[in-house]
Amino acid sequence: MDVNITDTELIDKMSSGNEMAFRMLFDRYYTPLSVYADKILNDMDASIDIVQALFVNIYENRKEIKVSNVRSFLYQSVQNRCLNELKHRKVITNYSAQVYTFSSEETNETDELIEVSELEAQLANAINQLPEQCRKIFEMSRFDGISNGEIAERLNISKRTVETQISKALKFLRDKLGAGFIIISILFDL
């Protein structure tokens, strides 16, 4: 085939099923289009993939291709594909950043939940070691939100006894839980 054949003639021959015309078009534009794509993407491997995919698409649709300016068509197609690739990369980057942030936050939240659960277990264990009446008074006061006077009435004991039992419970918990007592007392409003 004549090397001086125009791009439009190559497209016409290619549309008629001439594979040699496709090969000539490919040889004529493959390298310049790859370099052009690389200038946009700054990634030669991705650029080569984009140009190859364009030529595969052209070959598969060779019978339907009708363009007046083949060179412009090819360069515009590569540019559009490169821009789509850049958008795709941006979406992936944003998604990855969100996943990382979410997983970091989730990990922190999970760690915090585990710590709080462990502190709850330590508190429950320590409270269960209190003498029965002391435990009952402490739970009514701190967990049920009942006033000292009302506890005294319900249990038929003096308000002073209620206050003494709560103080004993707090001292026991402070001794039993050590440094963790401060955190537990803040978390559980003791």
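Located above this text is the structure these notes cover.
Here is a short report on the structure shown in this document. (Residues numbered from 1 in each chain as written. Predicted model: local features only at pLDDT ≥ 70, side-chain atom pairs only at ≥ 80, totals over all residues. Heavy atoms only, no water.)

## Considering the nonpolar core
Stated formally: Nonpolar core, defined: a set of buried Ala, Val, Leu, Ile, Met, Phe, Trp, Tyr and Cys residues in which side-chain atoms within 4.5 Å join the residues together. When a residue's accessible area, from a 1.4 Å probe over protein chains only, is under 20% of the maximum for its type it is buried; when over 50% it is exposed; and in between it is partly exposed. Only runs of H or I of at least four residues qualify as helices and only runs of E of at least two qualify as strands under DSSP, and these elements are numbered from the N terminus. Contact definition: two residues touch when any of their heavy atoms are within 4.5 Å.
Grouped together as the largest cluster of nonpolar side chains are 26 residues, with contacts concentrated most on Leu25, Leu33, Phe55, Ile58 and Leu74. Broken down by secondary-structure element, the contributors of at least two residues to this core are α1 (7-15), α2 (19-41), α3 (44-60) and α4 (70-128). Ignoring any residue separated from it by four or fewer positions in sequence, one finds Leu74 in contact with Leu25, Tyr29, Leu33, Leu54 and Ile58. The next biggest cluster of nonpolar side chains, apart from the first, holds 17 residues, and it includes Leu123, Cys134, Ile137 and Leu173.

## Details of the pattern of salt bridges
Put simply, the rule is: Here a salt bridge means any side-chain nitrogen of Lys or Arg lying within 4 Å of a carboxyl oxygen belonging to Asp or Glu.
A full pass over the atoms with the stated rule returns six salt bridges. Between Arg28 and Asp7 there is a salt bridge, with its nearest N and O atoms 2.6 Å apart. You can see Arg28 sitting in helix α2 and its partner Asp7 sitting in helix α1, a full 21 residues away along the chain. Looking at Arg28, the relative accessible area reads 28%, which means it is partly exposed.

## Considering the packing of aromatic side chains
Heads up, the rule is: In this scheme Phe, Tyr and Trp rings, the latter by its six-membered ring, pair at centre separations within 6.5 Å, and the angle between planes marks the pair as stacked below 30 degrees, edge-to-face above 60, and tilted otherwise.
Under the counting rule described, the total for this entry stands at six aromatic pairs. Seen in terms of ring centroids, Phe26 and Tyr30 are 4.8 Å apart; in terms of plane orientation they differ by 25°. Their pairing is stacked. Here Tyr30 and Phe26 lie together in helix α2, a separation of four residues that amounts to about one turn. Tyr30 matches Phe26 in its accessibility class, with the two residues each being buried. One aromatic cluster is present, built from ring pairs that chain together Phe22, Phe26, Tyr30, Phe55 and Tyr59.

## Side note on the side chain of Ser15
Mapped onto the elements, Ser15 comes out in helix α1. Not counting chain neighbours up to four residues away, the residues in contact with Ser15 comprise Arg62, Lys63, Ile65 and Lys66.

## A word on helix α7 (residues 159-177)
What counts is decided by this rule: Every helix has an expected span of 1.5 Å times one less than the residues it contains. Note that the arc is computed from the directions linking the helix axis to the C-beta atoms.
Across its 19 residues, α7 extends 27 Å between first and last C-alpha, which sits within 8% of the 27 Å expected from 1.5 Å per residue. Among the residues making up α7, those that are buried are Val162, Gln165, Ile166, Ala169, Leu170, Leu173 and Leu177. Take α7 and look down its axis: the buried residues cluster within an arc of 135°, on one side only. Away from its buried face, by an angle of more than 90 degrees, α7 presents the exposed residues Arg160 and Asp175. Looking one or two residues past α7, Gly178 carries a phi angle of roughly 60°, positive in sign.

## Concerning unusual backbone geometry
With a phi angle near 55°, Asn42 is a residue other than glycine that sits in the positive phi range. Among the secondary structure elements, Asn42 is positioned in the loop between α2 and α3. Look at Asn156: it is not a glycine, yet its phi comes out positive at around 60°. Tracing the backbone through its elements, the reader meets Asn156 in the loop between α6 (148-155) and α7.

## What about the environment of Asp12?
Within the fold, Asp12 resides in helix α1. Of the residues examined, Asp12 reaches a relative accessible area of 48% and is grouped as partly exposed. Separated by 51 residues in the primary sequence, Asp12 and Lys63 have C-alpha atoms spaced 8.8 Å apart.

## Here's the deal with the environment of Gln79
For Gln79, the location among the structural elements is in helix α4. Taking the relative accessible area as the measure of exposure, Gln79 reaches 27% and is therefore partly exposed. In this structure the C-alpha to C-alpha distance between Gln79 and Ile40, which are 39 residues apart in sequence, comes to 7.8 Å.

These results come straight from atomic positions and should not be treated as a statement about function.
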